[in-house]
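Coordinate inspection notes
Chain by chain, the residues:
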Amino acid sequence: MLPRAKITAMGYYVPSRRLTNADLEKMVDTSDEWIVRRTGIKERRIAEKGVYASDMALIAAKRVLENAGISAQELDLILVATTTPDMFTPSVSCIVQGKIGAANAAAIDINTACTGFVSALTIANQFIKTGYYQKILIIGAETLSLMTDYQDRNTCILFGDGAGAVIVEPSEGDEGVLGTVLGADGEGGKNLTSFAFKDDEEETAKRVSGNKQTLWMDGSEVLKFAVRAMAKATTEAVEKAGLTLDDIDIIIPHQANIRIVEGAAKRLGVDMDRMFINLEKYGNMASASIPIALCEAFGSGRVKKGDTAVLVGFGGGLTWGAAVVRF
Ligand code: UT7
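The rules behind these values
- Residues numbered from 1 in each chain as written.
- Predicted model: local features only at pLDDT ≥ 70, side-chain atom pairs only at ≥ 80, totals over all residues.
- Heavy atoms only, no water.
- Core = buried A, V, L, I, M, F, W, Y, C linked by side-chain atoms within 4.5 Å.
- Buried < 20%, exposed > 50% of the residue type's maximum accessible area, 1.4 Å probe, protein only.
- Helix = DSSP H or I, 4+ residues; strand = E, 2+ residues; numbered from the N terminus.
- Domains from an automatic or database assignment.
- Contact = heavy atoms within 4.5 Å.
- Salt bridge = Lys/Arg side-chain N within 4 Å of Asp/Glu carboxyl O.
- Polar contact = N/O pair within 3.5 Å; in protein donor to acceptor, adjacent residues only side chain to side chain.
- Pairing = 2+ DSSP bridges.

1. Considering the nonpolar core
- Judged by nonpolar contacts, the single largest core of 32 residues is most densely connected at Leu121, Ile136, Ile138, Val168, Ile252 and Leu311.
- Looking at this core, the element that brings in the most residues is helix H5 (residues 116–129), giving six residues.
- Domain assignment of the residues forming this core places at least three in each of domain 1 (4–174) and domain 2 (178–326).
- Once residues within four sequence positions are removed from consideration, valine 168 is found in contact with Ala5, Lys6, Ile7, Leu121, Ala124, Ile128, Gln134, Lys135, Ile136 and Ile138.
- The next biggest cluster of nonpolar side chains, apart from the first, holds 30 residues, and it includes Ile248, Ala264, Ala265 and Leu318.

Shown next, in the form of structure tokens:
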């Protein structure tokens, strides 16, 4: 049997600065009661001024290397999932590669928004299966605070900053990535946008900030898409793994909104106690949400060796993805 990508270590970083619902009440016309009822989020972490995605990615990278007990020189590839890179070039993965001294590693950034970590894990799994690479560092890192319109109450309540990382290596037994699915709906991409070079008067006018780089979203359209996509991706990935939902110990979903997770759980016929949730503490950290949730699920003993999990995400693009992983 071909080896599969096995997660052999985890590490993460979140900034210490907190943005609470009470803070947001002072910034826009909202309330703690509304935010908790509609999203489940209580607070988020916000990077200090001058701290970018690569800075947080670097800390997560150092932590995961230490946990893995391997040196940076042993890495073959660094994949960074991010939608909020420091700059267009060099990429976040190249910045990290240089700073940790991973002289033998290739470096690639991936932008599938909140699906980023699952996309990167899926790509890493292919490299491991073919035997092309042996040790891959995967990081999801975001400074969504830099993209958020803090005058728009529809979106500013949702997002936070952080970075999560894993090392994957070839499996020896029955652990590792057992099944994956990735998908996209480019037509639906208009429902969640942030602009770089392109000027678009209509899009700019939608933003309360008037800044085309800030994120604009049709929240209810994305919410409906998210519930459908998470349930479908989970079902398909489990089928590809040759398993049924009864074989799944825990689902670690993208942490966007508790109502999305509840909606997906209902569609799947899975109790909420099989869904891992930490969004109340961090909000939506896009590609950093799933790896950080994974770290906390392990750290708290909620997931242990031998367990089988589904990691499932959706986001801008629109994109979605799920991976069945045995630890
Ligand atoms: O990672 C992928 C990215 N995005 C997501 O996953 C987000 C998906 N969407 C959502 O999470 C939800 O759509 C939101 C939390 C953004 C909004 O919740 P909703 O239940 O879809 O509310 P809505 O947009 O339908 O708005 C309902 C009402 C509106 O007032 P009117 O028009 O009914 O008078 C909004 O103006 O709630 C109002 N509203 C707020 N009220 C207080 C919107 N934001 C707020 C707010 N505080 N922060």
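2. Brief notes about the pattern of salt bridges
- Tallied over the full model, the rule gives 14 salt bridges.
- For the salt bridge of glutamate 169 with lysine 135, the shortest nitrogen-to-oxygen distance reads 3.3 Å. In this pair, glutamate 169 sits in strand S7 (residues 161–170) while lysine 135 sits in the loop between H5 and strand S6 (136–143), placing the two residues 34 residues apart along the sequence.
- Glutamate 236 serves as the salt-bridge partner of lysine 232, at 3.1 Å between the closest nitrogen and oxygen. Taken together, the positions of lysine 232 and glutamate 236, both in helix H7 (residues 219–240) and four residues apart, correspond to about one turn of that helix.
- Here the salt bridges share partners, and the residues they tie into one network are Glu203, Lys206 and Arg207.

3. Some remarks on the domain arrangement of the protein
- Each domain of the protein was delimited in the assignment, giving domain 1 (4–174) and domain 2 (178–326).
- Between domain 1 and domain 2, the contact holds 49 residues from the first and 47 residues from the second.
- The tally of links from domain 1 across to domain 2 stands at one salt bridge.
- A salt bridge links arginine 326 to aspartate 174; its shortest N-O distance comes to 3.6 Å.
- Taken together, the connections running from domain 1 to domain 2 amount to 17 residue pairs in polar contact (both at pLDDT 80 or more).

4. Description of the pairing of strand S13 (residues 319–326)
- The buried fraction of S13 amounts to eight of the eight residues, a majority that puts the element mostly inside the structure.
- With burial as the criterion, each face of S13 is covered, one bearing Thr319, Gly321, Ala323 and Val325 and the other bearing Trp320, Ala322, Val324 and Arg326.
- Note: strand S8 (residues 176–184) against S13, eight bridges, orientation antiparallel. Bridge pairing in S13 places alanine 184 opposite threonine 319.
- As judged from the eight bridges shared by strand S12 (residues 308–315) and S13, these two strands associate in the antiparallel manner. Each residue of the ladder has a partner; that of alanine 309, found in S13, is valine 325.
- Where S12 hands over to S13, the hairpin turn is made up of three residues, of which glycine 317 adopts a positive phi near 135°.

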